[in-house]
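Here is how the chains run, residue by residue.
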Amino acid sequence: MVTLRQRPAARTPVRRTSVQLKYVMAVTGAVMLLYLVAHMVGNLKIFFGMAAIDTYAHWLREVGEPALPHGTVLWIVRVVLLVSVVAHIVSATILARRARRARPVRYAHRQPVQGSYAARTMRWGGVIIALFVVYHLLDLTTGHLNPHGVHGEVHANVVADFAPERWFVTLAYTLAVVAVGFHIRHGMWSALQSFGRSNAATERALKGVALGVAVVLVVGFLSVPFAVLTGLVA
């Protein structure tokens, strides 16, 4: 008697629902927002002098010692941030593709899209931000693109970077930070909707909160390069 061996059933790939992907975007967006707030607060230490910001940068690498090796906490933050960024981008890409497939035939005459400027430019804003992050890391983290580029001398690196003769760097930084502001404004409001915190009665208030957070971050980040550009920080 011949026994036929039954082939194992092929595994069906796990397909995340759009709601799950929106939750992923909301959570990872919150992680990145918290990082931006902490990063902005750290940047503002430059107004307290060279010693303040350089000591702060040194402390970031020492935090957790002696329980943890030098720089461990900083690397944990970097890994969590990197995972959040990748998950955010992947989720956004999948959702965008699903939206296009849901409407395979383009309209002959596209009607004006309702919604804010930020909502209509989230995709390009994300690309601008991603490109800027790469440049920013090579500039003020690794120092490869920085005119001073000395590890640990944060104050000197920032002053060299945003010097008046390098106005184009300040311009690029400004455009990127404004793009971040639009992204945060719309993303934060969308996240609150994903968590079911938005309704007709609170929509205006939530939009106001999202706008307020975005404005504070934009002003906080831009205050540093413009302070250097105008000679307030030298």
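Per chain, residues are indexed from 1 in the order of the written sequence. Residue-level local features of this predicted model are given only where pLDDT is at least 70; pairs of side-chain atoms are given and counted only at 80 or more, and the full residue set underlies all totals for whole chains, interfaces and linings. Hydrogen atoms and water are omitted, and side-chain values are computed over all heavy atoms in the structure.

Moving on: the overall build of the protein. Segments assigned H or I by DSSP are reported as helices when at least four residues long, segments assigned E as strands when at least two residues long, and all are numbered from the N terminus. Of regular secondary structure, the protein possesses eight helices and zero strands. Mapped in sequence order, the helices and strands of the protein form the string α-α-α-α-α-α-α-α. Relative to its 234 residues, the protein shows a buried fraction of 27%. Residue contacts follow a heavy-atom distance rule, with two residues in contact if any of their heavy atoms lie within 4.5 Å. When contacts within the protein are restricted to residue pairs at least 6 apart in sequence, long-range pairs at least 24 apart make up 69% of them. Calculation of accessible area relied on Shrake-Rupley with a 1.4 Å probe; when residues are assessed, cover is drawn exclusively from the protein chains displayed. Accessible surface, the protein as shown: approximately 16,100 Å² in total, 68% of it carbon and sulfur. Here's how the labels work: a residue is buried when its accessible area is under 20% of the maximum for its type, exposed when over 50%, partly exposed in between, all with a 1.4 Å probe on protein chains only.

All right, on to unusual backbone geometry then. Between Glu65 and the following residue, Pro66, the backbone shows a cis peptide bond with an omega angle of 0°. By secondary structure assignment, the location of Pro66 is in the loop between helix 2 (50-62) and helix 3 (72-102).

What follows deals with the packing of aromatic side chains. Paired rings are identified among Phe, Tyr and Trp, the last through its six-membered ring, by centres lying within 6.5 Å, and are further divided according to the angle between planes into stacked (under 30 degrees), edge-to-face (over 60) and tilted (the rest). Applying the stated rule across the entire model yields four aromatic pairs. Between Trp167 and Phe168 the ring centres are 6.0 Å apart and the planes differ by 80°, which places this aromatic pair in the edge-to-face class. A relative accessible area of 43% means that Phe168 is categorised as partly exposed. Each member of the aromatic cluster is reached from another via a ring pair, and the members are Phe132, Phe162 and Tyr173. Think of it as a cone above the ring: NZ of Lys or CZ of Arg counts as a charge over the ring if it is within 6 Å of the ring centre and within 35 degrees of the ring normal. Above the ring of Trp189, the side-chain terminus of Lys207 is found at 4.6 Å from the ring centroid.

Lines fitted to the C-alpha atoms define the axes, with helices restricted to the stretch that makes contact. Angles between their N-to-C directions range from 0 to 180 degrees. Following both chains from N to C, one finds helix 1 (residues 18-43) and helix 3 inclined at 145°, their axes separated by 8 Å at the closest point. Between helix 1 and helix 3 lies a crossing whose hand is left-handed. Touching Ser18, Leu21, Lys22, Val24, Met25, Thr28, Gly29, Val31, Met32 and Tyr35 of helix 1 are Val77, Val80, Leu81, Ser84, Val85, Ala87, His88, Ser91, Ala92, Ile94, Leu95 and Arg98, all from helix 3. Split by residue class, the contact of helix 1 with helix 3 holds 14 nonpolar, six polar and two charged. Two helices that cross are described as forming a left-handed crossing if the nearer one is turned anticlockwise from the farther one by less than a right angle, and a right-handed crossing if clockwise. Under the scheme applied here, ten amino acids are nonpolar (Ala, Val, Leu, Ile, Met, Phe, Trp, Tyr, Cys and Pro), four are charged (Asp, Glu, Lys and Arg), and all others, including Gly, are polar.

As a further point, take helix 2. In this model helix 2 runs 19 Å from its N-terminal to its C-terminal C-alpha over 13 residues, within 8% of the 18 Å that 1.5 Å per residue would give. All of the buried residues in helix 2 are Ile53, Asp54 and Ala57. Projection of helix 2 onto a plane perpendicular to its axis shows the buried side chains occupying an angular sector of 100°, all on one side. Across from the buried face of helix 2, at angles greater than 90 degrees, the exposed residues are Ala51 and Thr55. The span you would expect from a helix comes to 1.5 Å times its residue count less one. This arc is taken over the directions from the axis of the helix to the C-beta atoms.

This part is about the environment of Leu192. By secondary structure assignment, the location of Leu192 is in helix 7 (residues 167-194). Note on Leu192: relative accessible area 22%, which makes it partly exposed.

Secondary-structure assignment places His148 in the loop between helix 5 (122-141) and helix 6 (154-161). Setting aside its immediate chain neighbours within four residues, His148 contacts Glu153, Ala156, Asn157 and Ala160.

When you line up the elements, Asn157 lands in helix 6. For Asn157, the side chain forms a polar contact with the main-chain oxygen of Val150, separated by 3.0 Å. When neighbours within four sequence positions are excluded, Asn157 is seen to be in contact with Leu140, Asn146, His148, Gly149 and Val150. Two N or O atoms count as a polar contact when they lie within 3.5 Å, although within protein this holds only if one can serve as hydrogen donor and the other as acceptor, and sequence-adjacent residues are included solely when both atoms are side-chain atoms.

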